[in-house]
Amino acid sequence: MTAEDPFVTHRGLLFTVAYEMLGSAADAEDVLQESWLRWADVDRSQVREPRAYLVRTVTRQALNRLRALSRSREDYVGEWLPEPLLTSPDVAEDVELAESVSIAMLTVLETLGPTERAVFVLREVFEMPYGEIAEALGKSAAAVRQIARRARDHVAARRPRVRVGRSEQRAVVERFLLALRTGQLQELLEVMAPDVVMIADGGGIVPAAMAPIQGADLVARLLAGVNQKVAVLRTTTVWLNGAPAGRIEFDGEPSAVSLVVEDGRITRIYVVRNPRKLTRIDELAEITR
């Protein structure tokens, strides 16, 4: 590949499409590799719009991969969460993009079927025309419109409804991490909403709650207890999936923590502990649209 090749030019976009459809950077990279092999065999003189052509190719490959993965995710040990990505603060400048790649949104997208997820991502995030989506999925434009409507309603009923500024998000993240690091139970209680829900993903590899934990008292006591059980607990504020978040090391083992904040308090806590999902946590991902 040369720097002028359309695949190189649009790689960030193609990765973002695949990642939003799959929730996994590793699977997204595999999809890009498969798509590149197909692109390498194409007669470029017959491709009028390389960007649209490549997005269609990646969409088809991602859809195939998503269908193949559906069974393995059903057999996943404990709760399944998306693979967190280290992003630059610039991603947050595009508010809609940052929201679409947030751990909270990707978790909601997991509740859609493969086709619904593909339509939602292409239409709502990348604003692709219905005709192009129909061509990519092998369906009629009318069918795609119906799928898009169902997917939009489904997501709207489940997505976090409150957007907070970066400064407020960062302040709450830092307050939470400090309370966790120092084991301050009362501070943990005060920074969380009474009905807070914590979801942890250990993948059956490292210890993690097997089901969501709800309620500030229960969550706070659990987190304060973790502080007492480890010898060394380090926390760092980082940018994950377009928002301020936390990187936590329990006796040297890394975890990623993403928070949903409403009215200055935490309503959702997503903890990714599965080491297979943290191999890229120190590599800056190119997210764009």
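Report on the accompanying structure. Because the structure is a prediction, the values reported are computed rather than measured. (Residues numbered from 1 in each chain as written. Predicted model: local features only at pLDDT ≥ 70, side-chain atom pairs only at ≥ 80, totals over all residues. Heavy atoms only, no water.)

## Comments concerning the sheet that holds strand S3 (residues 233-240)
So, point 1. Read from one edge to the other, the open sheet built from 6 strands follows the order S2-S1-S6-S5-S4-S3, with strand pairing classed as mixed. The two strands at the open ends of the sheet, each matched to only one other strand, are strand S2 (213-214) and S3.
So, point 2. In the sheet, strand S4 (residues 243-250) pairs with strand S5 (residues 253-262) via 5 bridges, with the strands oriented antiparallel. In the strand pairing of S5, Glu249 is matched with Pro254.
So, point 3. Running over the sheet, helix H10 (residues 166-182) touches S3, S4, S5 and strand S6 (265-272) and is turned about 165° from S3.
So, point 4. Relative to strand S1 (residues 192-201), helix H12 (residues 216-229) is tilted by about 55°, and along the sheet it contacts S1, S2, S3, S4 and S6. (Pairing = 2+ DSSP bridges. Helix = DSSP H or I, 4+ residues; strand = E, 2+ residues; numbered from the N terminus. Contact = heavy atoms within 4.5 Å. Axes fitted to C-alpha atoms, helices over the stretch in contact; angles between N-to-C directions.)

## Here we look at the environment of Thr288
So, point 1. Along the chain, the position of Thr288 falls in the segment after S6.
So, point 2. When the C-alpha positions of Thr288 and Arg276 are compared, they lie 24 Å apart, and in sequence the two are 12 residues distant.
So, point 3. Each residue touching Thr288, except ones within four places of it in the same chain, is listed here: Gly12, Leu13, Thr16, Leu97 and Phe126.

## Brief notes about H10
So, point 1. Here H10 is 17 residues long and its end C-alpha atoms lie 24 Å apart, about the 24 Å a rise of 1.5 Å per residue gives.
So, point 2. Of the residues making up H10, those classed as buried are Gln169, Val172, Val173, Phe176, Leu177, Ala179 and Leu180. Each buried residue of H10 sits inside an arc of 165° when the element is viewed along its axis, so together they form one side.
So, point 3. Structurally, H10 contributes buried residues whose contacts are with helix H11 (185-191), H12, S3, S4, S5 and S6. (Expected span 1.5 Å × (residues − 1). Buried < 20%, exposed > 50% of the residue type's maximum accessible area, 1.4 Å probe, protein only. Arc of directions from axis to C-beta.)

## Regarding the pattern of salt bridges
So, point 1. Overall, the coordinates contain 24 salt bridges when judged by the stated rule.
So, point 2. Across the pair Arg273 and Glu253 runs a salt bridge whose closest N-O atoms are separated by 3.4 Å. Of this pair, Arg273 sits in the segment after S6 while Glu253 sits in strand S5, placing them 20 residues apart in sequence.
So, point 3. A single salt-bridge network, built from bridges that share partners, covers Arg11, Glu29, Glu83 and Arg280. (Salt bridge = Lys/Arg side-chain N within 4 Å of Asp/Glu carboxyl O.)

## Re the packing of helix H4 (residues 50-74) against helix H7 (residues 114-125)
So, point 1. Look at H4 against H7: their axes get within 9 Å of each other, and the N-to-C directions meet at 145°. As for how H4 packs across H7, the hand of that crossing is right-handed. Of the residues in H7, those touching H4 at Val55, Thr59, Leu63, Leu66, Arg67 and Arg73 are Pro114, Thr115, Arg117, Ala118 and Leu122.
So, point 2. Here the contact of H4 with H7 is composed, by residue class, of 6 nonpolar, 2 polar and 3 charged. (Left-handed = near helix turned anticlockwise from the far one by under 90°. Nonpolar A, V, L, I, M, F, W, Y, C, P; charged D, E, K, R; others polar.)

## Overview of helix H8 (residues 130-137)
So, point 1. Every buried residue belonging to H8 is among Tyr130, Ile133, Ala134, Ala136 and Leu137, and all of these are buried. All buried residues of H8 project into a common sector of 165° when viewed along the axis, lining one side.
So, point 2. Next to the buried residues of H8 lie H4, H7 and helix H9 (141-156).

## A few points about the pairing of S3
So, point 1. Sheet topology places S3 next to S4; 8 bridges connect them, and they run antiparallel. When the sheet's bridge partners are listed, Thr235 is paired in S4 with Ile248.
So, point 2. In this structure, the hairpin formed by S3 and S4 is closed by a connection of 2 residues, where Asn241 is found at a positive phi of approximately 50°.

## With respect to unusual backbone geometry
So, point 1. A positive phi angle, close to 55°, is found at Glu127, a residue other than glycine.
So, point 2. Of note, Glu127 is situated in the loop between H7 and H8.
So, point 3. Judged by relative accessible area, which is 55%, Glu127 ranks as exposed.
So, point 4. You will see that Asp251, though not glycine, has its phi angle at about 50°, which is positive.
So, point 5. Structurally, Asp251 is set in the loop between S4 and S5.
So, point 6. Given the relative accessible area of 44%, Asp251 is considered partly exposed.

Functional significance is not addressed by these values, which are geometric in nature.
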